[in-house]
Amino acid sequence: MSHDPWQVGGITLDSRFLLGTAGYPSPQVLRDAIAASGTQVVTVGLKRTLAAGGDNGFVSIVRDALRQQGARLLPNTAGCRSAREAVQLAHMARELYDTPWIKLEVVGDEHTLQPDPFELVIAAAQLVRDGFVVLPYCTDDLVTCRRLLDAGCPLLMPWGAPIGSGQGLLNPFALRTLRARLPGVTLIVDAGIGAPSHAAQALEMGFDAVLLNSAVAQAGDPVAMARAFRLAVQAGRQAWRAGVMASQDFAVPSTPVGGEPVLLGAAS
Amino acid sequence: MASGLRMMEIRLDDRPHGVDDGITLADLIAQLGHLPEQVGTAVNGVFVPRARRVAHVLQPGDAVLLFQPIVGG
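In short, a report on the structure. Model, not experiment: these values are computed from the prediction.

### A closer look at the overall build of chain A
Right, so step 1: Within chain A one finds 10 helices and 10 strands.
Right, so step 2: With 268 residues in all, chain A has 50% of them scored as buried.
Right, so step 3: Contacts in chain A between residues at least 24 apart in sequence constitute 65% of all its contacts with a sequence separation of at least 6.
Right, so step 4: Of note, chain A has its 21 positive side-chain charges centred 4 Å away from the centre of its 23 negative side-chain charges.

### Examining the overall build of chain B
Right, so step 1: When helices and strands are tallied, chain B shows 1 helix and 5 strands.
Right, so step 2: Walking chain B from its N terminus toward its C terminus, one meets helices and strands in the order β-β-α-β-β-β.
Right, so step 3: For 73 residues, the compact-globule estimate of 2.2 N^0.38 gives 11 Å, and the C-alpha radius of gyration of chain B, at 12 Å, lies within 12% of that figure.
Right, so step 4: Expressed as lengths along the three principal axes of its C-alpha atoms, the size of chain B is roughly 50 × 25 × 20 Å.
Right, so step 5: For chain B, the proportion of its 73 residues judged to be buried stands at 41%.
Right, so step 6: Taking the contacts inside chain B whose residues are at least 6 apart along the sequence as the reference set, 46% of them involve residues at least 24 apart.
Right, so step 7: Distance between charge centroids for chain B: 5 Å, based on 6 positive and 8 negative side chains.

### Observations regarding the packing of helix α6 (residues 142–150) of chain A against helix α7 (residues 172–181) of chain A
All names here are of chain A.
Right, so step 1: One way to put it is that α6 packs onto α7 with a least axis distance of 10 Å and a crossing angle of 40°. With respect to each other, α6 and α7 are oriented oblique. Relative to α7, the crossing made by α6 is right-handed. For the pair α6 and α7, the contacting residues are L142, C145 and R146 in the first and T177, L178 and R181 in the second.
Right, so step 2: Considered class by class, the residues forming the contact of α6 with α7 number 3 nonpolar, 1 polar and 2 charged.

### What about the nonpolar core?
Right, so step 1: Within the largest apolar cluster, 71 residues are counted, with the highest numbers of intra-cluster contacts made by A:L104, A:V210, A:L212 and A:V216.
Right, so step 2: Filtering out sequence-adjacent residues up to four positions away, A:V210 remains in contact with A:R16, A:F17, A:L18, A:I188, A:V189, A:I193, A:A199, A:A202, A:L203 and A:V233.

### Some remarks on the side chain of A:T49
Right, so step 1: Along the chain, A:T49 falls in helix α2 (residues 49–52).
Right, so step 2: With relative accessibility at 14%, the residue A:T49 sits in the buried group.
Right, so step 3: Once residues lying within four places of it in the same chain are set aside, the contact partners of A:T49 are B:D13, B:V39, B:L66, B:F67 and B:Q68.

### Considerations on the environment of A:D4
Residues and elements named next belong to chain A.
Right, so step 1: With respect to the element layout, D4 can be found in the segment before β1 (6–8).
Right, so step 2: Each C-alpha atom of the pair D4 and Q126 lies 33 Å from the other, and the pair is 122 residues apart in sequence.
Right, so step 3: If sequence neighbours within four positions are ignored, D4 has contacts with D14, R16, R237 and R241.
Right, so step 4: Separated by 2.6 Å, the side chains of D4 and R237 make a polar contact.

### Describing the pattern of salt bridges
All names here are of chain A.
Right, so step 1: Per the stated rule, a full pass over the model turns up 13 salt bridges over all chains.
Right, so step 2: A salt bridge links D150 to R147; its shortest N-O distance comes to 4.0 Å. Placement of both D150 and R147 in helix α6 is noted, with a separation of 3 residues, approximately one turn of the helix.
Right, so step 3: Relative accessible area serves as the criterion here: at 61%, D150 is assigned to the exposed category.

### Things to note about the interface of chain A and chain B
As a measure of interface size, the accessible area lost when the parts come together is often cited.
Right, so step 1: On the chain B side, the residues contacting the 31 residues of chain A number 25 residues.
Right, so step 2: Taken over both partners, the interface formed by chain A and chain B buries close to 2300 Å², and the fraction arising from carbon and sulfur atoms is 61%.
Right, so step 3: At the surface where chain A touches chain B, the tally comes to 3 salt bridges.
Right, so step 4: Between A:E95 and B:R53 there is a salt bridge, with its nearest N and O atoms 3.4 Å apart.
Right, so step 5: At the junction of chain A and chain B, the tally comes to 14 residue pairs in polar contact (both at pLDDT 80 or more).
Right, so step 6: Only β4 (41–48), α2, α3 (58–69) and α4 (83–97) of chain A provide two or more residues apiece to the side of chain A that touches chain B.
Right, so step 7: No other element matches α4(A), which puts 8 residues into the side of chain A that touches chain B.

### As for the environment of B:D27
Residue and element names in this part refer to chain B.
Right, so step 1: Relative to the helices and strands, D27 is located in helix α1 (residues 25–31).
Right, so step 2: A relative accessible area of 41% places D27 in the partly exposed class.
Right, so step 3: Separated by 18 residues in the primary sequence, D27 and E9 place their C-alpha atoms 15 Å from one another.

### What about helix α1 (residues 27–37) of chain A?
Right, so step 1: Inspection of α1(A) places A:L30, A:A33, A:I34, A:A36 and A:S37 among the buried residues, and these make up the whole buried set. An end-on view of α1(A) places all buried positions within 165° of arc, on one side of the element.
Right, so step 2: Tucked into the core, α1(A) has its buried residues touching β3 (17–20), β4, α3, α9 (214–217) and α10 (222–242) of chain A together with β5 (63–71) of chain B.
Right, so step 3: Positioned one or two residues after α1(A), A:G38 has a phi angle of 70°, which is positive.

### So, the packing of aromatic side chains
All names here are of chain A.
Right, so step 1: Under the definition given, this model contains 1 aromatic pair over all chains.
Right, so step 2: Ring centres 5.9 Å apart and planes at 40° place the aromatic pair F17 and F229 in the tilted group. On the criterion of sequence distance, the pair formed by F17 in strand β3 and F229 in helix α10 is long-range, its members being 212 residues apart.
Right, so step 3: The cationic tip of R72 hangs over the ring face of W101; the distance from NZ or CZ to the ring centre is 5.5 Å.

Definitions and limits used
Residues numbered from 1 in each chain as written. Chains lettered and ligands numbered in written order. Predicted model: local features only at pLDDT ≥ 70, side-chain atom pairs only at ≥ 80, totals over all residues. Heavy atoms only, no water. Helix = DSSP H or I, 4+ residues; strand = E, 2+ residues; numbered from the N terminus. Buried < 20%, exposed > 50% of the residue type's maximum accessible area, 1.4 Å probe, protein only. Contact = heavy atoms within 4.5 Å. Lys, Arg positive; Asp, Glu negative; His and termini not counted. Charge placed at Lys NZ, Arg CZ, Asp CG, Glu CD. Rg over C-alpha atoms; globule rule 2.2 N^0.38 Å. Axes fitted to C-alpha atoms, helices over the stretch in contact; angles between N-to-C directions. Parallel < 35°, antiparallel > 145°, perpendicular 65-115°, else oblique. Left-handed = near helix turned anticlockwise from the far one by under 90°. Nonpolar A, V, L, I, M, F, W, Y, C, P; charged D, E, K, R; others polar. Core = buried A, V, L, I, M, F, W, Y, C linked by side-chain atoms within 4.5 Å. Polar contact = N/O pair within 3.5 Å; in protein donor to acceptor, adjacent residues only side chain to side chain. Salt bridge = Lys/Arg side-chain N within 4 Å of Asp/Glu carboxyl O. Buried area = accessible area lost by both parts, 1.4 Å probe. Arc of directions from axis to C-beta. Phe/Tyr/Trp six-rings, centres within 6.5 Å; stacked < 30°, edge-to-face > 60°. Lys NZ or Arg CZ within 6 Å of the ring centre and 35° of its normal.

Structure, rendered in structure tokens:
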């Protein structure tokens, strides 16, 4: 298959696997998982110094690993409940991580951690005006997605399922609708992916990439799982490019026997 | 004016914290032992860029929040 790059905010990427850095059993495992994933974008966060209590060197490991494989940081606004809060945190992230990229998260429900579409659009519009490259974590609602594009987001990151749930693509219809109604828009499935097959499914549906964290970090062997996801993402993308056959509700013989019985004639 | 001898109370990461009257945000960061580039700062919920900390004089009751990089999803 030919070279198949894609772009985020004018930056060309080859890997379609964005990886989160939270919850790994050790900094070394995180480092090895990043390497095994082949990722070119890793997500990071911000935390109050009071609550953080040090990070045991994880962030420096991330920075080292990124330098080694030329990957980029994507800071998030995790934990924000309002547009105002998210905008302030994004500015802080830009200063601390020295990048205009921001994964915009504004939670509207504590149980599902579902994004708040109204606050999300307000925050996105403001951050775009402030010069950010806004990658919004959103639901699969088509109209909300259109509003985010109108606000100036260069791409969308709809959920597959609630964050950390590992349930996969819970609403394939909505995701297929997004893909069909927003042709040419870069779409990344973010959150809810629990297994490599879920990632492959997203790519097979025409999504441009996936972003996940828990499925790798919580695996029995995170490094091996990172490798498995890398392969699944590649397989899914190649399947999309190759053209997945249309499904149908009836059988079609794959062996070309002309529809006639081979030996004994029609059953009486 | 002996402003350096007078104290006032601010809130630092949601806890009461005594500081010299007239202290700047940059001085507070230094007193806490942080390198300027290691933390992000907000006062009363508004981001204060690193370059403006020197000129940002804290007022009694100000709520100062400090943020640091952390892993994330």
